[in-house]
Amino acid sequence: MARIVKEQAYAVKRNEILDVARRLVDTKGYEQMTIQDILDDLRISKCAFYHYVDSKQTLLEAVTERAAEGIEQLVLAIVHDPALPALEKLQRVFDMLNRLKTARKEFFLPLLRVWYADDNAIVRQKLRVAWLKLVAPWYSAIIRQGIQEGVITTSYPDQVGEVVLSLIWDLGDTLGELLLSFKPERDDMPRVESIVAAYTDALERVLGVSTGSLHLTDAETLKEWFVSSRDNI
């Protein structure tokens, strides 16, 4: 019993460290964040910190893996729903990812410049790798289901799962960078919408599904981010 309590206490403190690290990455950038920042925030010693994390690099890996695991759990609930056909599962995953981002819009918007700064390049890459590793197999499971249902045509379900995730990630990065330079007075929305349409077309072609089968996002969500949010960036 004492061992279980000790392990629980260890997990709680380590999660506190990861929480602070994630917040500092979001607000300062990974390169600007120091171990001392974390020590000051939590009021712990350097010795105590290294009891839970042995380096800044290990800390980064833990933060990104935990973020990817959170996404994986949400995807799993959709993947394992026996009542849903494959294309509906894919659409629900896309919708879920959109809702997650939009729900935290007021938090993310002021941090966009930090997130897409060079200081966070390594964080973005680490998170992408972790996301691909954890979530791609579940996309592949949906794709295999779609092949069985006759609505998806590909000879490479495992590889295509990674391609789909890469398209989603790349679109997110493209839209994020566009948001930083977006000017409503220039009527930039057609360009934004055409980029989303191009990625959606690429996705449908990769999966071999008919045009209009899937929607990576919708016009109202785009307007909420690009038109309604300008004053917060």
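Before reading on, note that the structure itself is shown above.
Residues numbered from 1 in each chain as written. Predicted model: local features only at pLDDT ≥ 70, side-chain atom pairs only at ≥ 80, totals over all residues. Heavy atoms only, no water.

Colleague: For this particular structure, what's the right way to read the overall build of the protein chain?
Modeller: The helix and strand tally for the protein chain stands at 11 helices and 0 strands. Each helix (α) and strand (β) of the protein chain, taken in turn from the N terminus, gives the series α-α-α-α-α-α-α-α-α-α-α. By principal-axis analysis of the C-alpha atoms, the protein chain measures approximately 60 × 50 × 25 Å. Considering only residue pairs separated by 6 or more positions, the protein chain has 72% of its internal contacts joining residues 24 or more positions apart. In the structure as shown, the protein chain presents an accessible area of about 12,500 Å², 53% of it carried by carbon and sulfur atoms. For the protein chain, the centre of its 29 positive side-chain charges and the centre of its 35 negative side-chain charges are spaced 5 Å apart. (Helix = DSSP H or I, 4+ residues; strand = E, 2+ residues; numbered from the N terminus. Contact = heavy atoms within 4.5 Å. Areas by Shrake-Rupley, 256 points an atom, 1.4 Å probe, with all protein chains shown as cover. Lys, Arg positive; Asp, Glu negative; His and termini not counted. Charge placed at Lys NZ, Arg CZ, Asp CG, Glu CD.)

Colleague: Can you help me understand the nonpolar core in this one?
Modeller: A general trend in soluble globular proteins is that nonpolar side chains are found buried together. One finds Ile17, Ile38, Phe49, Leu59, Tyr139, Leu207 and Phe226 to be the most contacted residues of the largest nonpolar core, which totals 69 residues. The contact partners of leucine 59, leaving out residues within four places of it in the chain, are Ile17, Leu18, Ala21, Met33, Ile38, Phe49 and Val53. (Core = buried A, V, L, I, M, F, W, Y, C linked by side-chain atoms within 4.5 Å. Buried < 20%, exposed > 50% of the residue type's maximum accessible area, 1.4 Å probe, protein only.)

Colleague: I tried to follow the pattern of salt bridges on my own but got confused; where do I start?
Modeller: All chains considered together, the criterion is met by 10 salt bridges. Here lysine 13 makes a salt bridge to glutamate 16, at a shortest N to O gap of 3.0 Å. Of this pair, lysine 13 and glutamate 16 both sit in helix α1 (residues 2–27), 3 residues apart, which is roughly one turn of the helix. A relative accessible area of 32% places glutamate 16 in the partly exposed class. Here aspartate 37 and lysine 28 are joined by a salt bridge, their closest N and O atoms 2.8 Å apart. (Salt bridge = Lys/Arg side-chain N within 4 Å of Asp/Glu carboxyl O.)

Colleague: Even after reading the chapter, I still don't get helix α10 (residues 189–207), so can you show me in this structure?
Modeller: An α-helical segment advances 3.6 residues per turn. Residues three or four places apart therefore align on the same side. Counted at 1.5 Å a residue, the expected span for α10 with its 19 residues is 27 Å, and the 27 Å between its end C-alpha atoms agrees. Check the buried side of α10 and you find it contacts α5 (86–103), α8 (121–149), α9 (157–181) and α11 (219–226). Directly after α10, the chain includes glycine 208, whose backbone phi takes a positive value near 70°. (Expected span 1.5 Å × (residues − 1).)

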